[in-house]
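Fold and geometry: a report
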Amino acid sequence: MDQLALTTLDGGEWFMSRPALAQWAAHLRGPAITPDDPGYDAARQVWNAMVDRRPGLIVRCAGVADVLQCVRLTRDRRLLTAVRGGGHNIAGLAMCDGGLVIDLADMKAVRVAPWEGLARVGPGATLGDFDREAQAFGLATPLGINSTTGVAGLTLGGGFGWLSRKFGLTVDNLVSADVVTADGDLVRASECDNPDLFWALQGGGGNFGVVTSFEYRMHRVGPEVVAGLIVHPLAAASEVVPKYRDVVAGASDELSCWLVLRKAPPLPFLPAEVHGQEVLIMALCHIGAAVAARSEIKDLMALGSPVGSHVDTMPFVAWQAAFDPLLGSGSRNYWKSHNLARLDDELIETVVAQVGRLPSPGCEVFIGHLGGATRRPAADATAYPHRDAEFVMNVHTRWEDPAQDDSCIRWARALYADTARFATGGVYVNFVSAGDELVAAAYGMNYQRLCAIKRRYDPQNLFRLNHNLRPQG
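Notes on the structure follow. On a predicted model such as this, the values are computed, not experimentally measured, just so you know.

Rules used in this analysis
- Residues numbered from 1 in each chain as written.
- Predicted model: local features only at pLDDT ≥ 70, side-chain atom pairs only at ≥ 80, totals over all residues.
- Heavy atoms only, no water.
- 1 Å grid on protein atoms, 1.4 Å probe; cavity = no way out; pocket = protein on both sides within 12 Å on 5 of 7 lines; lining within 4 Å.
- Points joined across faces, edges and corners; volume = space filled by probe spheres on them.
- Helix = DSSP H or I, 4+ residues; strand = E, 2+ residues; numbered from the N terminus.
- Nonpolar A, V, L, I, M, F, W, Y, C, P; charged D, E, K, R; others polar.
- Core = buried A, V, L, I, M, F, W, Y, C linked by side-chain atoms within 4.5 Å.
- Buried < 20%, exposed > 50% of the residue type's maximum accessible area, 1.4 Å probe, protein only.
- Contact = heavy atoms within 4.5 Å.
- Pairing = 2+ DSSP bridges.
- Axes fitted to C-alpha atoms, helices over the stretch in contact; angles between N-to-C directions.
- Salt bridge = Lys/Arg side-chain N within 4 Å of Asp/Glu carboxyl O.

A closer look at empty space enclosed by the protein
- Scanning the entire structure with this criterion turns up 2 cavities of 30 Å³ or more.
- Volume-wise, the second largest cavity comes out at about 70 Å³.
- V241, L259, L261, L343, L347, I348, V351, V352 and I367 together form the lining of the second largest cavity.
- Broken down by secondary-structure element, the contributors of at least two residues to the lining of the second largest cavity are β15 (255–263) and α11 (345–355).
- Of the residues in the lining of the second largest cavity, the class split is 9 nonpolar, no polar and no charged.

Considerations on the environment of P19
- You can see P19 is positioned in helix α1 (residues 18–25).
- Spatially, the C-alpha atom of P19 lies 64 Å from that of P233, the residues being 214 residues apart in sequence.

So, the nonpolar core
- By size, the foremost hydrophobic cluster in this structure holds 82 residues, and its most contacted members are F130, L201 and W319.
- If sequence neighbours within four positions are ignored, W319 has contacts with W162, A227, G228, L229, A283, L284, C285 and M314.
- The next biggest cluster of nonpolar side chains, apart from the first, holds 45 residues, and it includes V226, V248, L255 and I367.

Focus: the side chain of T170
- The topology assignment puts T170 in the loop between α6 (164–167) and β10 (174–180).
- Look at T170 and you get buried, because its relative accessible area is 0%.
- If near-sequence neighbours (up to four positions away) are discounted, T170 is found in contact with P142, L143, L154, T155, G158, G159, F160 and Y216.

Side note on the pairing of β10
- Along β10, 5 of the 7 residues are buried, which leaves the element largely enclosed by surrounding structure.
- Here 6 bridges tie β10 to strand β12 (residues 210–217), and the two strands are oriented antiparallel to one another. Bridge pairing links V180 to V210 in β12.
- By the bridge criterion, 5 bridges tie β10 to strand β11 (residues 186–190) in an arrangement that is antiparallel. Looking at β11, one finds that V179 is bridged to V187.

A closer look at the layout of surface pockets
- The computed volume of the largest pocket comes to approximately 310 Å³.
- Surrounding the largest pocket, 18 residues form its lining, L229, L267, F269, A322 and F323 being those nearest its centre.
- When contributions to the lining of the largest pocket are tallied by element, the ones reaching two or more residues are β14 (224–233), β15, β17 (308–315) and α10 (316–320).
- Its residues placed into classes, the lining of the largest pocket shows 14 nonpolar, 2 polar and 2 charged.

Quick word on the sheet that holds strand β5 (residues 81–84)
- Read from one edge to the other, the open sheet built from 4 strands follows the order β3-β4-β6-β5, with strand pairing classed as mixed. Single-partner strands in this sheet number two, and they are β3 (32–33) and β5.
- The pairing of β3 with strand β4 (residues 57–60) spans 2 bridges and is antiparallel. Across the sheet, residue A32 finds its bridge partner in β4, namely V59.
- Sitting on the sheet, helix α3 (residues 64–77) is in contact with β4, β5 and β6 (100–103), with an inclination near 160° to β6.

Overview of the sheet that holds strand β20 (residues 391–399)
- Reading across from one edge, β17-β14-β16-β15-β19-β20-β18 is the order of the 7 strands in this open sheet, with antiparallel pairing throughout. Each end of this open sheet is capped by a strand with a single partner; those strands are β17 and β18 (332–340). Shown here is a sheet whose adjacent strand axes are inclined to one another by a mean of 15°, direction ignored.
- As judged from the 4 bridges shared by β15 and strand β19 (residues 364–369), these two strands associate in the antiparallel manner. Counterpart to V260 in the pairing with β19 is F366.
- Running over the sheet, helix α9 (residues 290–301) touches β14, β15, β16 (278–286) and β17 and is turned about 160° from β16.
- Helix-sheet contacts for α11 involve β15, β16, β18, β19 and β20, and the interaxial angle to β15 is about 40°.

A word on the pattern of salt bridges
- Counted under the stated rule, the structure contains 28 salt bridges.
- A salt bridge links R120 to D178; the nearest nitrogen and oxygen atoms lie 3.9 Å apart. With R120 in strand β8 (residues 118–121) and D178 in strand β10, this pair connects stretches of sequence that are 58 residues apart.
- A relative accessible area of 23% means that R120 is categorised as partly exposed.

As structure tokens, this is what we get:
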């Protein structure tokens, strides 16, 4: 092709000649990848295999200067633009058809300053990248539960994981961020600098610019924790979960215990006859002293009659990667999610009945255990508003064959609908699949304020390939 065609915001096309592209790309440190380049197909792949988009141009940014150049081009030519961090987003919003992808995956530097209790992290870093550096000093900040998740997307949506009951959400530990705005300028956002932008970045998604660096507050964690799995047959869930609910209601903030309902993977501590059977898994992590951890965990170990368990002292980085084999890239995924203030008995019965009809062996329902420090800030303290959520339920369908798309999605939507009456009405934005019109529910009482800030920083809605806030106010 003599010319490169790029899709514009209004659905038209803007053409760049090959010599002009070469001249423009000569000012980049990272590669500019076009559809006829050998690495194009690999560069456009993301975690969710249901996403199959073909950008007109992918720029693998090597630094802030590359990001500035990309944003100024897309601003001047009004190009359809997607921003990719870790590429882990369930909705696949890191890719677009025909437009420009600003790919930050190579900007993954992590600098930990233990004497300050801070870490500076690039937008391409994964949880595994961050944790490996931080745990060298026995430090961590609350992140997710899968080491391949991108730090940037997790943070911008709120972020929670094993440390959140003790130390809050990821955004509660964000100290500052460097942001390239829609004007093509680099600004700092913190409580002192552009505080409205900083507030919006704490849960408002990628609506306000391209974050090129995150700064986090760090905490003493590990390097070893007490963690592991307790596995019950699914038939015992109606008996075990109410007792679990009572135990975690009085748990210390050092303990997090999540529930996973699915077919049993071939875990080495489970009898072979349990493999592939529907089970209830209690996944727990205690970040306190080992003696205190074992004392508190014994109440969970005493529930029911487990078919197997493995709870022990292990490196925190190993526990953070424990679920990686079940969440690898390249499968087809669809999610539906509810926030829950409590676990009602009827909710449990409804979930158990549906898990008995899983449409694919990779499907599961997990219930994340929050509370503790996540509930203490006011709902308007950050853009993330769901401080009333004691639990988050994610209906996670995962399969390989495209012929199963309809049955898997239908199952997830049915379970979501059947359990809606038990939910708060809010939803975690990072769990929202493509096509779900849940933006207002995701941002709750903070929606209008976020739209007003969007108008200030991105009035033309240049950054629209996200769970989008319309500029207003």
